[in-house]
Amino acid sequence: MRGERERRRGEEGGCLPRWRMSSEIAVVRVSGDGGGVVDKGVRRAVREALEKLHFKLSRNAEVLVKPNIATAKVGGGVTTHPAVLDGVLAFLSEKGFKNVCVAESSWKGCPTEKAFNAYKLREICKRHGYDAINLENTAYDVRNGIRIFRKVLESDFIINVPVLKEHRIAKVSLGMKNMKGCIPDIEKVRFHISGLHEHIFRLNKIITPNLTVMDAILGLKGGPFSGKAFKVGLIFASYDVVALDCFACSLLGVPVEKVKHIRRAVENELGSQKYELV
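This structure is a prediction, so every number in the text was calculated from the model and none was measured. (Residues numbered from 1 in each chain as written. Predicted model: local features only at pLDDT ≥ 70, side-chain atom pairs only at ≥ 80, totals over all residues. Heavy atoms only, no water.)

(A) Local environment of the side chain of Ser 106. Take Ser 106: it is sitting in the loop between strand S5 (100–104) and helix H4 (112–119). In this structure Ser 106 comes out as buried when scored by relative accessible area, which is 1%. Among residues more than four places away in sequence, those in contact with Ser 106 are Ile 69, Ala 70, Thr 71, Pro 111, Thr 112, Ala 115, Asp 185 and Lys 188. (Helix = DSSP H or I, 4+ residues; strand = E, 2+ residues; numbered from the N terminus. Buried < 20%, exposed > 50% of the residue type's maximum accessible area, 1.4 Å probe, protein only. Contact = heavy atoms within 4.5 Å.)

(B) Here's a closer look at the nonpolar core. Ranked by size, the top nonpolar core spans 48 residues in total, and within it Ile 148, Val 152, Ile 207, Phe 236 and Ile 262 carry the most contacts. Setting aside residues up to four positions removed in sequence, Phe 236 forms contacts with Ile 25, Ala 26, Val 27, Thr 212, Val 213, Met 214, Ala 216, Leu 244, Phe 247, Ala 248 and Leu 251. The next biggest cluster of nonpolar side chains, apart from the first, holds 42 residues, and it includes Leu 53, Val 102, Tyr 119 and Val 161. (Core = buried A, V, L, I, M, F, W, Y, C linked by side-chain atoms within 4.5 Å.)

(C) Up close: the environment of Leu 218. As for its position among the elements, Leu 218 is in strand S12 (residues 211–221). The class for Leu 218 is partly exposed, based on a relative accessible area of 27%. Remark: the alpha-carbon pair of Leu 218 and Leu 164, spanning 54 residues in sequence, is separated by 7.0 Å. Contacts of Leu 218, omitting those with residues within four sequence positions, involve Gly 76, Gly 77, Leu 164, Ala 229, Phe 230, Lys 231 and Val 232.

(D) A nonpolar patch on the surface, seen in detail. Side chains of Tyr 140, Val 142 and Ile 186 sit close together on the surface and give an oily, nonpolar patch of about 280 Å² of accessible area. Topologically, Tyr 140 is positioned in strand S7 (residues 140–143). (Patch = residues over 30% accessible without salt bridge, like charges linked within 9 Å, V, L, I, M, F, W, Y side chains within 5 Å. Areas by Shrake-Rupley, 256 points an atom, 1.4 Å probe, with all protein chains shown as cover. Salt bridge = Lys/Arg side-chain N within 4 Å of Asp/Glu carboxyl O.)

(E) Highlighting the side chain of Asn 160. Along the chain, the position of Asn 160 falls in strand S9 (residues 157–161). Reaching out from Asn 160, the side chain makes a polar contact with the backbone oxygen of Gly 175 at a distance of 2.8 Å. Discounting residues that sit within four places of it in the chain, Asn 160 has contacts with Lys 66, Gly 175, Asn 178, Met 179, Pro 209, Leu 211, Thr 212, Val 213 and Val 241. (Polar contact = N/O pair within 3.5 Å; in protein donor to acceptor, adjacent residues only side chain to side chain.)

(F) Representation of helix H8 (residues 185–193). Those residues of H8 not exposed but buried are Glu 187, Lys 188 and Phe 191. Buried residues of H8, seen end-on, are gathered within an arc of 105 degrees and therefore sit on one face of the element. On its buried face, H8 sits against strand S8 (146–149) and helix H9 (196–206). (Arc of directions from axis to C-beta.)

(G) Fine view of the pairing of strand S1 (residues 24–29). By the bridge criterion, two bridges tie S1 to strand S14 (residues 276–277) in an arrangement that is parallel. When the sheet's bridge partners are listed, Glu 24 is paired in S14 with Glu 276. As judged from the four bridges shared by S1 and strand S13 (residues 228–238), these two strands associate in the antiparallel manner. Pairing of Val 28 across the sheet is with Ile 235, part of S13. (Pairing = 2+ DSSP bridges.)

(H) Broad picture of the pattern of salt bridges. The final tally for this structure, using the stated rule, is 13 salt bridges. The partner of Glu 94 in a salt bridge is Arg 47, and the shortest N-O contact between them spans 1.9 Å. In this pair, Glu 94 sits in helix H3 (residues 82–94) while Arg 47 sits in helix H2 (residues 39–52), placing the two residues 47 residues apart along the sequence. For the salt bridge of Glu 187 with Arg 190, the shortest nitrogen-to-oxygen distance reads 2.4 Å. Here Glu 187 pairs with Arg 190, and both are found in helix H8, just three residues apart, close to one helical turn. Using a relative accessible area of 27% as the deciding quantity, one classes Arg 190 as partly exposed.

(I) View of the packing of aromatic side chains. Taken as a whole and judged by the stated rule, the model has five aromatic pairs. Ring centres of Phe 55 and Phe 91 lie 5.7 Å apart, and the angle between their planes is 75 degrees; this geometry places the pair in the edge-to-face category. Linking Phe 55 in the loop between H2 and strand S4 (63–67) with Phe 91 in helix H3, this pair joins segments that are 36 residues apart in sequence. When sorted by exposure, Phe 55 lands in the same class as Phe 91, which is buried. Look at Phe 55 and Phe 157: their rings are 5.9 Å apart centre to centre, the planes differ by 80 degrees, and that puts the pair in the edge-to-face class. Remark: Phe 157 occurs in strand S9 and Phe 55 occurs in the loop between H2 and S4; sequence separation between them is 102 residues. (Phe/Tyr/Trp six-rings, centres within 6.5 Å; stacked < 30°, edge-to-face > 60°.)

Here you go:
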């Protein structure tokens, strides 16, 4: 498969060559109006973050955008703010990318289509001429013992768009954890039963996101689906999902050493614990 060859996944372990990994994190503050968030300011912040990273990619690449739409609750630090996703799609559209889709499968307790409808995902995608794909309705393959949706495996470039929040079981739900939406429900259940942190680490070795754009407009303590939201007012992005997760942990006040899947990623050089804010 084209995507698997180009992204060096499967039996080779999946992580990007070290020379393509970067520990730079582009950080941009979101402008607001009277203390509130304005969608236009969010989109501007997304664009600025991507420009800081000097984003370049062949316009013929098949790009898969993976937001956090794990439930039918929109925003509030629970799911990716729609304006953040819209900002990513607007940037890609303006740069001339045609082969782009937004793909997700929600948590087992919420049908993905219900979450899509609450989020108005199809309307957002339609504005830019892109497709929204309910991964629940697609086929999967097995890579290194993990069922992964084929559409994800076949993509050339994954843009991961998570939200800044804690998770009662996984400690945090950030960039690495967000990739769990790329596996079917039967695999999600198995992850929780047989070692969640190790499985998240193994999954990210197979499908390492090429770029992660974090919605940190709000942070969520006590998540994933409820808790106390607090204002952060940032968008940040990096080609190194591990470094980005380490920075995000610092904003949540969660020591990286206590998050086993991030610690495993650092130990195995999937990414760096050291980073530079730009």
